[in-house]
Protein chains: 2
Amino acid sequence: MRILGLLLFLSVTMGFSQTSDKQQIRAIYNSSLTEGKSYGWLNYLSNQIGGRLSGSLQAQLAVDYTKKQMDSLGLDKVWLQPVMVPKWVRGTPEFAYIENQSGMTNNVPICALGGSVSTPGVGIKAAIIEVKGIEELKALGRSKIAGKIVFFNRPMDPTLIRTFEAYSGCVDQRYSGAEEAGKLGAVGVIVRSMNLRLDDNPHTGAMSYGDLPVESRIPAAAISTNGADLLSTTLKLDPKIKFFFRQSCKQYDDVESFNVVGEITGSTYPNEIMVVGGHLDSWDLGDGSHDDGAGVVQSMEVLRLMKVNGYKPQRTIRAVLFMNEENGLRGGAKYAEIAKNKKENHIFALESDSGGFTPRGFSFDSSDANLERVLTWKSLFEPYLIHVFEKGYSGADIGPLKDKQIVMAGLVPDSQRYFDYHHAQNDIFEHVNRRELELGAAAMASMVYLFDKYGILPN
Amino acid sequence: MRILGLLLFLSVTMGFSQTSDKQQIRAIYNSSLTEGKSYGWLNYLSNQIGGRLSGSLQAQLAVDYTKKQMDSLGLDKVWLQPVMVPKWVRGTPEFAYIENQSGMTNNVPICALGGSVSTPGVGIKAAIIEVKGIEELKALGRSKIAGKIVFFNRPMDPTLIRTFEAYSGCVDQRYSGAEEAGKLGAVGVIVRSMNLRLDDNPHTGAMSYGDLPVESRIPAAAISTNGADLLSTTLKLDPKIKFFFRQSCKQYDDVESFNVVGEITGSTYPNEIMVVGGHLDSWDLGDGSHDDGAGVVQSMEVLRLMKVNGYKPQRTIRAVLFMNEENGLRGGAKYAEIAKNKKENHIFALESDSGGFTPRGFSFDSSDANLERVLTWKSLFEPYLIHVFEKGYSGADIGPLKDKQIVMAGLVPDSQRYFDYHHAQNDIFEHVNRRELELGAAAMASMVYLFDKYGILPN
C-alpha cells in the first residue's frame, strides 16, 4: 500500500507537472506570436541602425539601443561589459575584372574578406590560377603559385541536407586561403562565396594570416558564385587571362566596445546562472538581420516572455548580447573571463546564431545524461513542430564558457536559406519572416523555462 | 537451428532491404539537389507563362508546356484528359475607398473574389458594417444588414502553429460570406484577406453563392490586411463612413481544358496505380509559384527522378497535373470519374499543394495499418529532416479518388510563410527557394518509391 500510494503520488505530481509545463509553454508561444517584441526590435536594429561591424558607430548604436530596450523590461539588472575589439574598415567599394589577352574586360562582383589587407591603390593585376582547396594549392607548390592570384573555387556541397555542414566543408579556403597562398608567394586570393545559390552577391567573412609576417600578407576577397563560375569558365577557355582587383580596407587599433547583459535574478538558486545569447555585431554589407540580429532579439525576447507571463525563475537567467563574434570573438572570451574571475557557476548556455528561420530543434553539447533528460521533454515541443534534439555544436560566443558541468545548446532553425544571405548585402530585414523569428524566440524561452525548472543533472 | 536460420535469413534480408532503401533514397536526393529540373520548370511556368487561371490563355500554355516537358522524359505514356472548366475573368483593376462624412476618401487595396459578380459600372457606395463572422451576421439580421456592405474581419489566429488551421478557421467568411449576406439584403461584401502578415496585398480565392437566385448575388472582394485594419479603425471612430468599390469581373460559359498525365507503367503490377500530383491552374494575381506551380513541378520531378536513377517501378506511377483546383475542382473530379469508368485500381495518391517550402513530412488519410507501416520507415527520412507522419488531410485534387483501400497522402511543407503569398500578387517565383523546392520533390519521390516497393496493406 505504501508503494502504491507513492506511485499514485508520483503519477499525480508528474501528471500535474507535465500539465503545468504544457500550459507554461503554450503561454510563452501565445505571447511571442501575438504581442512579441522581437520583430519590432529587429526592424529597428536592421533599418534604423544597419550593419554593425565591431568598432563601428553602428555597433555602438546597437549597444545603446539594446541596453535601453532591456532597461525598459523591468529586469533585475542590465549592464555593459567593456571589451576591446578589433576595428577593420572596408573603405571604398571593391572593384574587380577579368581581362583577356586582347585586353577586353568583364567586371565581377567581389568584396574584401574581413581582416584582409588592402591592395595597392592602383590595384593588383596578375595571372590567376584556380584550385579546389588548400591541399591542391600546396601540391602545386611555389613554382606554380608565386606571382599569381589564387582562386579558391571549391563549392559548397549541395547534397548535404544541413547546409552548415556544407559551409564547414569549404570555409577553410576563406579563413586560411590567404595565409597558405601567401606562404607560396601568391600576390592575392579570390575565394568563391560560401553560397549554395548562383547569384551576384559576394559574401564576406573572417580570414586570418596566422603567423605570416606583415610583408607576406596578401589581399583576399570573395567573389559572387556567378562571378566564380564566369571566372572558372573563362580560365578553362584561356588560362592566360589576368585578374584585376582593388580594395582599400584597413585594420585600425583596437577600440572599446561592450557586451550587453540583462538579468532576471533567480529566486531560489541565484548562483546558478543560465545564459541565452546571440551576437550584436554583424558584417557590414547587409544589415545583419539573420546574422545575428535574429539571435539578439530572440534572446532579449526570452527574458521579456518570462516577465510578461509572470514567470519568476528559480535560477538566474541572463540575456547576453555578445560583441565581436564575426571577427575576433572578443565578447564571448570576455564574458567567460569575467565569469571565471567572479567564480560564477554557469549551468546552461543557449545561443541563437543560425538565422531567424523556422526553428527545427536544438543541438546540445552536454553530458549524455542531460541530453537524455531533454529527450523526455520531446513531447512538450511536438505541438510546436520542434523535432530535432541532438548532440552537436552550440555556438561560438558561448563556447568559452564550456566546462565539464555546463549544458551548452544551440537553436537549430531550418538552414536551407541561411547561406543565401549569410555575410552578404542581402542579409536584410525583409528576408526575415515575423512568425519564424517569433517561433524561434518561443522555442528558446520554452527550453530555458524547462532548464530553469528542472536544473541540470550532475556528471 | 531451423528457426535460428530463418531469423538469420530474415535479418540479413531486412538489413539488406533497409540498406538498399537508404541508398535509393540517397540517390533520389542527390539527383534532385544536384541536377534537379523542378526549379527550372517552375521558372518557365512562373516567368514565361505566369498566373494560370482556368480557361485562360496561360492555363492552356501551361498544359502545352508541361505536356511537352513530360514528353521529353522518356515516360511510357503522356496524355491529356479533356475537362470542361469554369472561366471567370477579373476585368479591369478593382478600386475601393473609405469615405468619411465630409467626403474625404482613403483608397484601400482590394481584389474581387473568384466567382464574384461585378459591381455596377459606376461601383457601389454604401454604409458598411463590420462583423467577425457569419454567426454575428445572422444574429444582426436583415434590419441591420439590408442595404449595407458587410465587412467580414475575423483575422487568422496567429497562435495556431499550423497556419492551415488558422486558414480553416476563417475561410468560411470568404467562401460563404456573400451568400449569407446576400440572403439578408446586403449590397456587397468585403472580406479581410487570409494573411497572417500586415501588408498591402489583397488575397483572392474561391467563393460561392450557393443556391442564391441571380438577383440576390452581391459582389464580393478581399481587402488587404492593412486595409482591413484601417477600415476597422475608421469604422470605430465613425460608424457612419461609407465604403465604395468597383469591380468588373465576369463569369463566362465553361470552356474545354485538360489534366496533363504522365505515366511510368508498372513492371510487375501495372494495374496498381499510384498518383502524384499538384494543380496546374492558379489564381491570376501572382504567377502561382507556390500555389501550385511548386506541386506541379515536384510531381513531374518525381517521375524524372525515377527515370534518371534507373528505377523501374513495379507499380504504375502517374504524375497528374490537375486543372481547375482553385475554382471548381473539375480536373480532380474528371480524373476520378475516368478512373472509375475504366475500373482502374488506385492504391496510392500523393498531392503537393501547400507551397514549395522546406518539407516537414506527410499527412495520411489511410487505414491505421498503412499509417503504422509508414511509421516503420521514419528512420529512412530522419537524415533528410522529415519528421511529420500523421493522420490528416491529403489534397483537394486527389480527394475524389478516395475509397476504402487507397492510401491518400499530402506533402507537409513548413507553413509559416505560405499565407504571406497565398492567392496574392506576391506569389511569385522569387519567393521560392530552390533547395526547399528540390527537397520537397525528393521527399515525395522517396515516399512514392517506398509505396511502390512495398505496396499497401489491405484493410
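Residues numbered from 1 in each chain as written. Chains lettered and ligands numbered in written order. Predicted model: local features only at pLDDT ≥ 70, side-chain atom pairs only at ≥ 80, totals over all residues. Heavy atoms only, no water.

A word on the interface of chain A and chain B
Taken residue by residue, the interface counts 28 residues in chain A and 28 residues in chain B. Between chain A and chain B, a total of about 2500 Å² is buried, with carbon and sulfur atoms accounting for 55% of that surface. Between chain A and chain B we count two salt bridges in total. Residue Arg417 of chain A is joined to Glu436 of chain B by a salt bridge in which the shortest nitrogen-to-oxygen separation is 2.9 Å. Elements supplying a minimum of two residues to the side of chain A that touches chain B: helix H1 (2-35), strand E14 (359-365) and helix H13 (434-454) of chain A. (Contact = heavy atoms within 4.5 Å. Buried area = accessible area lost by both parts, 1.4 Å probe. Salt bridge = Lys/Arg side-chain N within 4 Å of Asp/Glu carboxyl O. Helix = DSSP H or I, 4+ residues; strand = E, 2+ residues; numbered from the N terminus.)

Examining the sheet that holds strand E14 (residues 359-365) of chain B
Residues and elements named next belong to chain B. Strand order across the open sheet formed by eight strands is E1-E10-E12-E11-E13-E16-E14-E15, with mixed pairing between neighbours. Edge positions in the open sheet fall to strand E1 (77-89) and strand E15 (388-391), since each of these has one partner strand only. With direction set aside, neighbouring strand axes in the sheet form an average angle of 20°. The pairing of E14 with E15 spans four bridges and is parallel. The residue bridging Ser363 from the neighbouring strand is Glu390, located in E15. Contacts from helix H3 (residues 57-71) reach E1, strand E10 (250-264) and strand E12 (315-322), with the element oriented near 5° to E10. (Pairing = 2+ DSSP bridges. Axes fitted to C-alpha atoms, helices over the stretch in contact; angles between N-to-C directions.)

Observations concerning the nonpolar core
Counting residues in each nonpolar core, the largest one holds 71 residues, and the members touching the most others are Tyr29, Phe348, Phe362, Phe364, Met447, Val448 and Phe451 of chain B. Among the elements that line this core, the one with the most residues is helix H13 (residues 434-454) of chain B, at 11 residues. Setting aside chain neighbours within four positions, we find Phe362 of chain B in contact with Leu350, Phe381, Ile386, Val388, Phe389, Glu390, Gly410, Leu411, Val412, Ala443, Met444 and Met447 of chain B. In terms of nonpolar packing, the next biggest core, distinct from the first, is built from 70 residues, Trp41, Val83, Phe362 and Trp377 of chain A among them. (Core = buried A, V, L, I, M, F, W, Y, C linked by side-chain atoms within 4.5 Å. Buried < 20%, exposed > 50% of the residue type's maximum accessible area, 1.4 Å probe, protein only.)

Section: the packing of helix H8 (residues 289-308) of chain B against H13 of chain B
Residue and element names in this part refer to chain B. Two elements in contact, H8 and H13, have axes whose closest approach is 8 Å; the angle formed by their N-to-C orientations is 55°. Classed by the angle they form, the pair H8 and H13 counts as oblique. When you trace H8 past H13, the crossing you get is right-handed. Where H8 abuts H13, its residues Ala294, Val297, Gln298, Ser299, Glu301, Val302, Leu305 and Met306 lie against Leu437, Gly440, Ala441, Ala442, Met444, Ala445, Val448 and Tyr449. Of the residues that constitute the contact of H8 with H13, the class distribution is 12 nonpolar, three polar and one charged. (Parallel < 35°, antiparallel > 145°, perpendicular 65-115°, else oblique. Left-handed = near helix turned anticlockwise from the far one by under 90°. Nonpolar A, V, L, I, M, F, W, Y, C, P; charged D, E, K, R; others polar.)

Observations concerning the UniProt feature "domain: Peptidase M28" (unreviewed entry) in chain A
In this numbering, the UniProt entry assigns the feature "domain: Peptidase M28" (unreviewed entry) to residues 259-445 of chain A. The distance from the first to the last C-alpha atom of residues 259-445 of chain A is 21 Å, and the span holds 32% helix and 27% strand. (UniProt positions renumbered as here; feature names shortened; annotations may be inferred.)

Some details on the sheet that holds strand E6 (residues 149-152) of chain B
Backbone-to-backbone hydrogen bonds join strands into a sheet, with any given pair of strands oriented parallel or antiparallel. Residue and element names in this part refer to chain B. Taken in spatial order, the eight strands of this open sheet run E3-E2-E9-E5-E6-E7-E8-E4, and their pairing is mixed. The strands lining the two open edges of the sheet, one partner per strand, are strand E3 (105-107) and strand E4 (110-112). Adjacent strand axes in the sheet meet at a mean angle of 30° when their direction is disregarded. In this structure, strand E2 (residues 95-99) lies alongside strand E9 (residues 242-246), joined through five bridges in antiparallel fashion. Across the sheet, the residue bridging to Tyr97 is Phe244, located in E9. Set on the sheet, helix H4 (residues 134-145) makes contact with strand E5 (124-131) and E6; between it and E5 the angle comes to about 135°. Against the sheet, helix H6 (residues 171-183) makes contact with E6, strand E7 (188-192) and strand E8 (220-223), and its axis sits at roughly 155° relative to E7, the strand it touches most.

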